[in-house]
Each structure stands twice: as C-alpha cells, then as structure tokens.
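What follows is the residue order along each chain.
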Amino acid sequence: MSNSDYSAPTAEADRRWMARALEMARAAAAIGEVPVGAVMVREGRLLAEGHNLTLSACDPTAHAEVVVIRSAARRLGDWRLLDTTLYVTIEPCALCAGAIVLARVPRLVYGAADPKAGMCGTLGNLVQDSRLNHRAELATGVLADEAAELLRRFFEERR
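Residues numbered from 1 in each chain as written. Predicted model: local features only at pLDDT ≥ 70, side-chain atom pairs only at ≥ 80, totals over all residues. Heavy atoms only, no water.

Asker: What is the right way to look at the pattern of salt bridges in this model?
Answerer: Two side chains with opposite charge may pair up if their charged atoms get near one another. Under the counting rule described, the total for this entry stands at 13 salt bridges. Ionic pairing is found between Arg107 and Asp14, a salt bridge with its closest N-O pair at 2.7 Å. With Arg107 in strand 4 (residues 107-112) and Asp14 in helix 1 (residues 11-30), the pair connects residues that are 93 residues apart, well separated along the chain. No difference in accessibility class separates Arg107 from Asp14, as the two residues are buried. Glu149 is the salt-bridge partner of Arg152, the closest N and O atoms lying 2.4 Å from each other. Of this pair, Arg152 and Glu149 both sit in helix 4 (residues 144-158), separated by three residues, roughly a single helical turn. Classification of Arg152 as partly exposed rests on a relative accessible area of 40%. Residue classification places Glu149 among the partly exposed residues on the basis of a relative accessible area of 28%. Salt bridges sharing common partners tie together Glu149, Arg152, Arg153 and Glu156. (Salt bridge = Lys/Arg side-chain N within 4 Å of Asp/Glu carboxyl O. Helix = DSSP H or I, 4+ residues; strand = E, 2+ residues; numbered from the N terminus. Buried < 20%, exposed > 50% of the residue type's maximum accessible area, 1.4 Å probe, protein only.)

That is the geometry; function is a separate question.
This is the structure in structure tokens:
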C-alpha cells in the first residue's frame, strides 16, 4: 500500500486503539512512569505498543511515542513508517513531534491536549508545519477525558 492508497481508520477504530494506548499508560503508571501510552497500527493491525520509560531506562528520549516508533521501525525493517497511524494518550512534545515527522507517520491521533509542552496544535504544530518535508494528518481529543484524568490522578498522588 502506498501513502496515496492510505485510508484513515473510522472513529470507532480510533476509540478502540486509543483505549489500548490508555492500557499502556496505566502500565506506565504501575511502574512509576508518567502515564503516557502509545500504539502504532498498520492496516488495522497492531504494529507496536509501549509507554513512557524515561525513568526506567534513564533515557530522556524514551517517551512513549519514541519507544513505539523505534519498535515499529525495527519490526518493519524500515525507518519510514508509511501507512501507519500512531495513537498516543497525550499531545506529543517537540521531541516526539519531530520523530513523527522524521519517521513519515501519515496519521497521528492523540487524546488530551498538553498546554505545557504540546507541539501538535497547542504551543505549535510541528507535525503539520508546511516548511517541513512531511506532514501528518491529525485527529485530536479521542478519549481525552480518560487520558487527562489518568495524568491528573498520577500527579495528584505524587504531591
């Protein structure tokens, strides 16, 4: 399938895959990581899934999106993640938005907006910047309340 043949999943599929990303976020919280989860889907099938590992891996770049992008690229044997959709529970930051552009991910779906670091519509929009050589289709607010509540509870428990 080429990018020109790519067709976006339905709203129902978006909710189903975002629910899986929320499961990944809960797994992150269970090990003390900030509860952000992500899944990558290709042709309706799970390609990769993961969650934040910055503390566990002592790696400031081990955000859920980067973990999933790396895993998907290894699985496909290609750094170009064409014909995929990345689902993430919170709006990606600049690091992750840059990785999405570099990996040529054609579609990004996120749950909650991030007013402090979001670079996919809130503070800026790196994934749709016309000056770059790739732009991703964007869907926002999918299961946003659940994602925001998970983050709110996590940080409330740490105060």
